[in-house]
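Architecture at a glance
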Amino acid sequence: MSPQYLQAGVLIGLGIILVLLAIWLFARANRKTTITGNEGQGQDVLDEGATAAKRNQALIDAPGAMDAAPEVPVTPEPTPAPTPAPASAPVPAPAPAPAPAPTPTPAPAAAVGADDLRKIKGVGPKLVTLLAEQGVTTFAQVAAWNDADVERVDATLGRFAGRITRDQWVDQAKLLSAGEETAFSSKFGNK
């Protein structure tokens with residue numbers, strides 16, 4: 001080995017030793033706990049405050065909140081016995097239960113005379129179903145909407161509210177109901 005490499009190896013070794021020594025000193029200086037007093041004699045941490053240890057032991061030995069609470073059995077409340085009606089009073093017949101209100105059934109999208117409302121930009125399958133529940137199935141119906149109709153229908157669209165005016169459904173429906181596919185494509189683009 002050449003003397004240059006030997007000197008460099010010694011210097012690198014000394015550098016590593018100095019770095020390790022610095023790390024050890026830094027870690028020792030930053031310790032959170034230090035033992036003071038009789039070093040090397042096996043001092044116990046509880047020796048300093050034996051009275052505090054006794055007080056803590058009393059807290060540990062005390063019954064817990066759950067242990068001290070008496071166990072209360074849960075008994076169901078008795079239901080009162082029905083009192084018999086006097087013999088002279090007529091017994092009223094129970095009222096018939098009201099019939100449940102019929103739920104509106106959505107009109108099928110492919111019904112006779114129905115248009116494919118999904119051609120209108122901003123109308124998807126969910127909106128087609130919502131519109132069909134209200135009886136709207138053709139472009140002509142949408143094209144005939146006035147401001148009051150737009151507000152009424154928009155209020156029923158839930159999270160889709162505002163789409164009628166934002167996506168210009170009425171203008172789109174007017175072009176589609178008139179069969180002006182070219183004008184529709186030039187103004188609103190191809191879907």
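First, a word on scope: everything that follows refers to the structure included in this document. It should be emphasised that the depicted structure is a prediction, and the values quoted were computed from it without experimental measurement.

Rules behind the numbers
- Starting from 1, residues in each chain are numbered consecutively following that chain's sequence as written.
- Owing to the predicted nature of the model, reporting of local features is limited to residues with pLDDT of at least 70; listing and counting of side-chain atom pairs is limited to 80 or more, with chain, interface and lining totals taken over all residues.
- In computing side-chain properties, one takes all heavy atoms of the structure into account and sets aside hydrogens as well as water.
- The numbering of helices and of strands both runs from the N terminus, where a helix is a DSSP run of H or I of at least 4 residues and a strand a run of E of at least 2.
- Throughout this description, buried means an accessible area under 20% of the type-specific maximum (1.4 Å probe, protein chains only), exposed means over 50%, and partly exposed covers the range between.
- What makes two residues a contact is simply this: any of their non-hydrogen atoms within 4.5 Å.
- Accessibility throughout is a Shrake-Rupley quantity obtained with a 1.4 Å probe, and a residue counts as covered only by protein chains that appear here.
- To count toward a patch, a residue needs a relative accessible area over 30% and no salt bridge; like charges are then connected within 9 Å, while nonpolar side chains (Val, Leu, Ile, Met, Phe, Trp, Tyr) are connected within 5 Å.
- Whenever a carboxyl oxygen of Asp or Glu lies within 4 Å of a side-chain nitrogen of Lys or Arg, that contact is scored as a salt bridge.
- Our arc is simply the arc of the directions from the helix axis toward the C-beta atoms.
- The criterion is simple. A nonpolar core is a set of buried Ala, Val, Leu, Ile, Met, Phe, Trp, Tyr and Cys residues joined through side-chain atoms within 4.5 Å.

**Section: the overall build of the protein**
Scanning the protein for helices and strands turns up nine helices and zero strands. The N-to-C order of helical and strand elements in the protein reads α-α-α-α-α-α-α-α-α. Across the 191 residues in the protein, those meeting the buried criterion constitute 16%. Restricting the contact set of the protein to residue pairs at least 6 apart, pairs at least 24 apart contribute 50%. Of the roughly 15,500 Å² that the protein leaves accessible, carbon and sulfur atoms contribute 62%.

**Considerations on a nonpolar patch on the surface**
On the surface, a nonpolar cluster with roughly 880 Å² of combined accessible area is contributed by Met1, Tyr5, Leu6, Val10, Leu11, Leu14 and Ile17. Among the structural elements, Val10 can be located in helix α1 (residues 3-29). Using a relative accessible area of 48% as the deciding quantity, one classes Val10 as partly exposed.

**Re helix α6 (residues 147-154)**
If you check which residues of α6 are buried, you get Val150, Val153 and Asp154. Take α6 and look down its axis: the buried residues cluster within an arc of 100 degrees, on one side only. Exposed side of α6, more than 90 degrees from the buried face: Ala148 and Glu151 are the residues found there. In this structure, the buried side of α6 is in contact with α4 (125-133), α7 (163-166) and α8 (169-177).

**Here we look at the side chain of Gln172**
Looking at the element boundaries, Gln172 is found in helix α8. With a relative accessible area of 0%, Gln172 lands in the buried category. Ignoring sequence-local partners within four residues, the contact set of Gln172 consists of Lys119, Ile120, Lys121, Asp167, Phe184 and Phe188.

**Observations concerning the nonpolar core**
Grouped together as the largest cluster of nonpolar side chains are 24 residues, with contacts concentrated most on Leu117, Ile120, Trp145 and Trp169. Every element with two or more residues in this core is listed here: α4, α5 (139-143), α6, α8 and α9 (181-188). When residues of this core are assigned to their parent elements, the largest contribution, five residues, is made by α8.

**What to know about the pattern of salt bridges**
The final tally for this structure, using the stated rule, is two salt bridges. Measuring nitrogen to oxygen at the nearest pair gives 3.1 Å for the salt bridge that ties Asp116 to Arg118. Asp149 serves as the salt-bridge partner of Arg152, at 3.8 Å between the closest nitrogen and oxygen. Of this pair, Arg152 and Asp149 both sit in helix α6, three residues apart, which is roughly one turn of the helix. The exposure class assigned to Asp149 is partly exposed, which follows from its relative accessible area of 21%.

**Regarding unusual backbone geometry**
One non-glycine residue, Gln168, lies in positive phi territory at about 55 degrees. Summarising the element assignment, Gln168 is placed in the loop between α7 and α8.

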